[in-house]
Amino acid sequence: MSESLIQIEQHGGVRLLRLNRPEALNAFTAAMLVQLRHALAAAAEDGATRCVLITGAGRAFSAGQDLADPLVAPSREPGVAPKNLGHMLDHYYIPLALQLRDMPVPVVAAVNGVAAGAGANVALGCDLVLAGESASFIQAFSKIGLVPDCGGTWLLPRLVGRAKALELALLGERVKAVEAERLGLISRVVPDAELPEAAMAVAQKLAGLPTRALVQTRRAMDEALHLEFEPALRREAVLQSQLGFAHDYLEGTAAFMDKRLPVFKDR
Ligand code: T3D
């Protein structure tokens, strides 16, 4: 049986997913994207998993779409019609980006090397993005005549503002991890050797926090980007009202009063 394109490990409440085509810098094939979606769905369904951590095998996080995948690679034969790339997005990248955004647990990316094209935007679509200091981010799309996809046009201006987003997307230059952190593109840079441990520590910390509140925080912030101030305040009140009836709020406040560590359960 062939090696899995997504390696899966369980570390307590953390489900680690490792993109595993190191010989092609973990470039995404259709088969790999299907496996990644199945792995995310399984993590979402597993009540014991309270955080997902995504990283890459070898020296890269992911070089984005595998440009040699027969589903997208244009034929060099004269007269052969090019493939419709929209199908690839409709059937693979859009469902993946939506799934990441809707995960019922927080998702952390540990970017261990280059993250290019859709590989960059899968990482940036995660809730927290840690990177090793030799990692880098490339919006490689313009260099092959495409627009940023897998959420790039939505994510980039929100993360770094329109001017910088356009610079990143139009020039397609490599942005080193330290610069990515300075721009607000990612959360944190750590020395390469410390990345696996640091990312796992962050994931374990998230796994111990009240999952439902974390996920509603992500949703509320995404929604608030489209709202005026007062509707955003009212949305907070609705969410707070719901969360206030849940176990984790009662447990969190009781633990505080009892001067003990809380044990959160809601998902
Ligand atoms: O097309 C559609 O379906 C629409 C959706 C598009 C989504 C996208 O992601 S578009 C963007 C696709 N990605 C790219 O354009 C990036 C292409 N790769 C690179 O620019 C460079 O490889 C990197 C800057 C990422 C890394 O450079 P470097 O010098 O460290 O490594 P390398 O030597 O270029 O690559 C190592 C191997 O990985 C090499 O294979 P080989 O020669 O050792 O057999 C290379 O061909 C392979 N590889 C790297 N990226 C891809 C790839 N193979 C297929 N597809 C790739 N994207």
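Our structure's up above, just so we're on the same page.
Every value quoted in this text rests on a predicted model; they were computed, and no experiment measured them. (Residues numbered from 1 in each chain as written. Predicted model: local features only at pLDDT ≥ 70, side-chain atom pairs only at ≥ 80, totals over all residues. Heavy atoms only, no water.)

Student: A description of the sheet that holds strand S9 (residues 174-176) should follow, citing residues and the corresponding values.
Tutor: Spatial ordering of the open sheet is given by S4-S6-S8-S9, a layout of 4 strands whose pairing is mixed. At either end of the open sheet lies a strand with only one pairing partner, and these are strand S4 (60-62) and S9. In this sheet, neighbouring strand axes are inclined to one another by 20 degrees on average, regardless of whether the strands run parallel or antiparallel. Across 3 bridges, the pairing between strand S6 (residues 114-116) and strand S8 (residues 136-138) is parallel. Looking at S8, one finds that Ala115 is bridged to Phe137. (Pairing = 2+ DSSP bridges. Helix = DSSP H or I, 4+ residues; strand = E, 2+ residues; numbered from the N terminus. Axes fitted to C-alpha atoms, helices over the stretch in contact; angles between N-to-C directions.)

Student: Account for the pattern of salt bridges, with residues named and values stated.
Tutor: All told, the structure shown has 12 salt bridges when counted by the stated rule. Taken together, the salt bridges that share partners define one network made up of Glu251, Asp258 and Arg260. (Salt bridge = Lys/Arg side-chain N within 4 Å of Asp/Glu carboxyl O.)

Student: Give a detailed account of the nonpolar core, specifying residues and quantitative values.
Tutor: The biggest cluster of nonpolar side chains holds 49 residues, and the ones touching the most others in it are Ile54, Val111 and Phe137. It is helix H1 (residues 30-45) that provides the largest number of residues to this core, a total of 7 residues. Ranked by size, the runner-up nonpolar core spans 15 residues in total, among them Leu16, Val190, Ala199 and Ala203. (Core = buried A, V, L, I, M, F, W, Y, C linked by side-chain atoms within 4.5 Å. Buried < 20%, exposed > 50% of the residue type's maximum accessible area, 1.4 Å probe, protein only.)

Student: Can you break down the sheet that holds strand S7 (residues 128-132) residue by residue, with the values?
Tutor: If you trace the 6 strands from one edge of the open sheet to the other, you get S1-S2-S3-S5-S7-S10, paired in mixed fashion. Unpaired on one side and paired on the other, strand S1 (6-11) and strand S10 (188-190) mark the two borders of the sheet. On average, each strand axis in the sheet is inclined to that of its neighbour by 20 degrees, with strand direction left out of account. Of the strand pairs in this sheet, S7 and S10 are connected by 3 bridges, and their pairing is parallel. The residue bridging Gly132 from the neighbouring strand is Val190, located in S10.

Student: Describe the site of the ligand, listing the residues and the values that go with them.
Tutor: The ligand sits among 23 residues. The nearest are Arg59, Ala63, Gln65, Leu67 and Ala118. Here an oxygen atom of the ligand sits 2.8 Å away from a polar atom, N or O, in the main chain of Ala118. Taking 1000 Å² as the accessible area of the ligand by itself, protein coverage stands at 65%. The element contributing the most residues to the shell around the ligand is helix H2 (residues 85-101), with 3 residues. Here the shell around the ligand is built from residues that sort into 15 nonpolar, 3 polar and 5 charged. (Near = heavy atom within 4 Å. Polar contact = N/O pair within 3.5 Å; in protein donor to acceptor, adjacent residues only side chain to side chain. Areas by Shrake-Rupley, 256 points an atom, 1.4 Å probe, with all protein chains shown as cover. Nonpolar A, V, L, I, M, F, W, Y, C, P; charged D, E, K, R; others polar.)

Student: Let's hear about the packing of helix H4 (residues 152-160) against helix H5 (residues 162-171): which residues, and what values?
Tutor: At their nearest, the axes of H4 and H5 sit 7 Å apart, and the two run at 130 degrees to each other. Classified by the interaxial angle, the pair formed by H4 and H5 is oblique. In the crossing of H4 with H5, the sense of the turn from one axis to the other is right-handed. The residues of H5 that touch H4, namely those facing Leu156, Pro157 and Val160, are Arg162, Lys164, Ala165 and Leu168. Class assignment for the residues of the contact of H4 with H5 results in 5 nonpolar, no polar and 2 charged. (Parallel < 35°, antiparallel > 145°, perpendicular 65-115°, else oblique. Left-handed = near helix turned anticlockwise from the far one by under 90°. Contact = heavy atoms within 4.5 Å.)

These results come straight from atomic positions and should not be treated as a statement about function.
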